[in-house]
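The lines below spell out each chain.
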Amino acid sequence: MAENKEWEMPVERRGRLTAVLVLATLISAFGSSFQYGYNVAVINSPSPFMQHFYNATYMERYGRPMEENFLTLLWSLSVSMYPLGGFFGSLMVAPLVNKLGRKGTLLFNNIFSIVPAVMMGVSEIAKSYEIIIVARFIVGHLCLSLSAGLSSNVVPMYLGELSPKNLRGAIGIIPQLFITIGILSAQVLGIRNILGNSTGWTLMLGLTGIPALIELLLLPFFPESPRYMLIQRGDEKTALKALQRLRGRADVDAELSEMRLEDQSERAEGHLSVLNLLSQRSLRWQLISIIIINMGQQLSGVNAIYYYADSIYATAGVKQNDIQYVTVGTGAVNVFMTIAAVFIVERAGRRLLLLCGFGICCGACVLLTVALNFQESVTWMSYVSISCVIIYVIGHAIGPSPIPYVVTTEMFRQSARPAAFMVAGSVHWLSNFTVGLVFPFLERGLGSYSFIIFSVVCLVTLIYIWLVLPETKNKTFLENCQMFAKRNKVEIKLGDGDLPLKESKESLEDATKVTAF
């Protein structure tokens, strides 16, 4: 163990929002996250007209109506092909972001996002429901590295590496905020008097290409991740210029020194593949944590709420013509609570928001089950059911929806982060696909009791977070790795060199000691 020495450290200045940082955040989040949210909800309101199109097309081809079970399967595939495509797209994340960079991957994927949008837009003219299913797969697959996997992959990774540590949580939630805005936009456009009708649903599906086009045109004017340029490309000059643009000042020595320190600490590791990541003892608990949290996020029932919101409200007793307005109101609540999370995440921390969010969702699922079972005998229970859905949305919006992407960014250093997002994205989308495919049959078999399964998932995830997950706010990536070192039973070492090391008292309480050579 080397002797402790006094190092002269560049004075660290508190990060602030600059025009470049704000615009890079908004453009990448709109072009990717908004698109993802829009695609999640876009087939919700026009579903009766789309299913009628499926049946009419089948009748025209084969001269007989489609069987109910086959129609249910076909519709489930239409819903679940998007997350299944997202799962396969997530497998591309690590190689793409290591080869093309974070910004380069976003641009690369945007080029192909317009194709499925056109395919879905012309599906009715072509009289082919297969085009919708294939296009949903493509938009999930190709947008994953950016849009669908955006929030679980490249966009939060990109924004997390652009942000100063004191703003990383708030900026990390912006992609989720744009997801909720995308969902709300699809819900508004899905109102029967707008596009959610027999003539407008194909246009609704086709609009998904517009955000990708805007990002493709504007994002090239903004910098690549400085961490990627310095640590993975070894281009310190470009990294320095990018950091100066993002911070709006020439003096970025303290942050640059921290990047060099992280670079030295992981030089021996190189770029970690998924197999390397799975075998790294020093990353074991971080890996388990992102798997549990991402599974909990998706298997908690959030997509069951969004994919089948209309049927839930109908079961709760809402009049058919009023369902669309209740759905829009729920989407507005989701947006509002995500905005609230942006402002409180740096004060409350990531861990507390996750605990509160999963706790609220667990309670809401239990109460929803009770309310749905008694609403036929108790007239006011239908209002309790709707309240439970809204409470669930509030709980998910403040923690389980946005925070997993933030902590996935913060728990890994540069060399491991792409592979970590690849694992997180795969788990995220495989779980999403499972819910989208299974829930219609689960609902038919168990009815309202299906939400008990989601409540158990929320409870198990909450217990894990309470016992294992540390607080990661306002710490460097290296400090967060040090916090897990004790649980992993390893020691985080610095590489050779004479770079300064400065640790806060807060991190020293949880982290293992750093060995300097």
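Residues numbered from 1 in each chain as written. Predicted model: local features only at pLDDT ≥ 70, side-chain atom pairs only at ≥ 80, totals over all residues. Heavy atoms only, no water.

Within an unreviewed UniProt entry, the label attached to the protein reads Solute carrier family 2, facilitated glucose transporter member 5, and the organism entered is Cottoperca gobio. Looking at the protein in UniProt, the text filed under Catalytic activity (unreviewed entry) is "D-fructose(out) = D-fructose(in)". Comment text from UniProt for the protein, heading Sequence similarities (unreviewed entry), reads "Belongs to the major facilitator superfamily. Sugar transporter (TC 2.A.1.1) family. Glucose transporter subfamily." (UniProt positions renumbered as here; feature names shortened; annotations may be inferred.)

A. Quick peek at a nonpolar patch on the surface. On the surface, a nonpolar cluster with roughly 750 Å² of combined accessible area is contributed by Val366, Val370, Phe374, Leu446, Tyr449, Ile452, Ile453, Val456 and Val460. Elements represented by at least two residues in the nonpolar patch include exactly α21 (350–374) and α25 (450–468). Sort the elements by how many residues they give to the nonpolar patch and α25 lands first, with four residues. Locating Leu446 in the fold gives a position in helix α24 (residues 417–446). Given a relative accessible area of 41%, Leu446 falls into the partly exposed group. (Patch = residues over 30% accessible without salt bridge, like charges linked within 9 Å, V, L, I, M, F, W, Y side chains within 5 Å. Areas by Shrake-Rupley, 256 points an atom, 1.4 Å probe, with all protein chains shown as cover. Salt bridge = Lys/Arg side-chain N within 4 Å of Asp/Glu carboxyl O. Helix = DSSP H or I, 4+ residues; strand = E, 2+ residues; numbered from the N terminus. Buried < 20%, exposed > 50% of the residue type's maximum accessible area, 1.4 Å probe, protein only.)

B. Quick peek at helix α23 (residues 403–410). Most of α23 sits out of view: eight of its eight residues are buried. The set of residues buried in α23 consists of Ile403, Pro404, Tyr405, Val406, Val407, Thr408, Thr409 and Glu410.

C. Region of interest: the nonpolar core. Judged by nonpolar contacts, the single largest core of 59 residues is most densely connected at Leu277, Phe412 and Phe451. Sorting elements by how many residues they give to this core places α21 first, with ten residues. Two domains share this core, each providing at least three of its residues, namely domain 1 (16–222) and domain 2 (272–493). (Core = buried A, V, L, I, M, F, W, Y, C linked by side-chain atoms within 4.5 Å. Domains from an automatic or database assignment.)

D. Spatial organisation of unusual backbone geometry. For Asn474, which is not glycine, the phi dihedral falls at a positive 55 degrees. By the secondary structure assignment, Asn474 is in the loop between α25 and α26 (477–488). Assessed through its relative accessible area of 36%, Asn474 is described here as partly exposed.

E. Layout of the side chain of Thr18. Relative to the helices and strands, Thr18 is located in the segment before α1 (19–41). Look past the residues within four positions of Thr18 in its chain and what remains in contact with it is Arg245, Leu246, Arg247 and Gly248. (Contact = heavy atoms within 4.5 Å.)

F. Molecular detail of the pattern of salt bridges. In total, this model carries eight salt bridges according to the counting rule given. For Glu161, the salt bridge goes to Arg417, with nearest N and O atoms at 2.8 Å. With Glu161 in helix α9 (residues 154–162) and Arg417 in helix α24, the pair connects residues that are 256 residues apart, well separated along the chain. Overall, the relative accessible area of 1% leaves Glu161 in the buried class. What makes Arg417 buried here is its relative accessible area of 0%. Here Glu236 and Arg260 are joined by a salt bridge, their closest N and O atoms 2.6 Å apart. In this pair, Glu236 sits in helix α14 (residues 236–247) while Arg260 sits in helix α15 (residues 253–265), placing the two residues 24 residues apart along the sequence.

G. Layout of the packing of aromatic side chains. Going through the model one piece at a time under the given rule, you end up with three aromatic pairs. A ring pair is formed by Phe34 and Tyr38, whose centres lie 6.3 Å apart and whose planes are at 20 degrees; its orientation type is stacked. Residue Phe34 and its partner Tyr38 are both found in helix α1; the two are separated by four residues, about one turn of the helix. In this structure Phe34 comes out as buried when scored by relative accessible area, which is 13%. An angle of 70 degrees between the planes, with centres 5.7 Å apart, marks the rings of Phe451 and Phe454 as edge-to-face. Here Phe454 and Phe451 lie together in helix α25, a separation of three residues that amounts to about one turn. Residue class for Phe451 comes out buried when judged on its relative accessible area of 4%. Through pairs of rings, three or more aromatic residues link up here, namely Phe30, Phe34 and Tyr38. (Phe/Tyr/Trp six-rings, centres within 6.5 Å; stacked < 30°, edge-to-face > 60°.)

H. Spotlight on the packing of α9 against α24. Interaxial distance between α9 and α24 falls to 11 Å at its minimum, and their mutual angle equals 145 degrees. For the element pair α9 and α24, the recorded crossing hand is right-handed. Where α9 approaches α24, its residues Pro156, Met157 and Glu161 are matched on the opposing element by Arg417, Pro418 and Phe421. Taken together, the residues that form the contact of α9 with α24 break down as four nonpolar, no polar and two charged. (Axes fitted to C-alpha atoms, helices over the stretch in contact; angles between N-to-C directions. Left-handed = near helix turned anticlockwise from the far one by under 90°. Nonpolar A, V, L, I, M, F, W, Y, C, P; charged D, E, K, R; others polar.)

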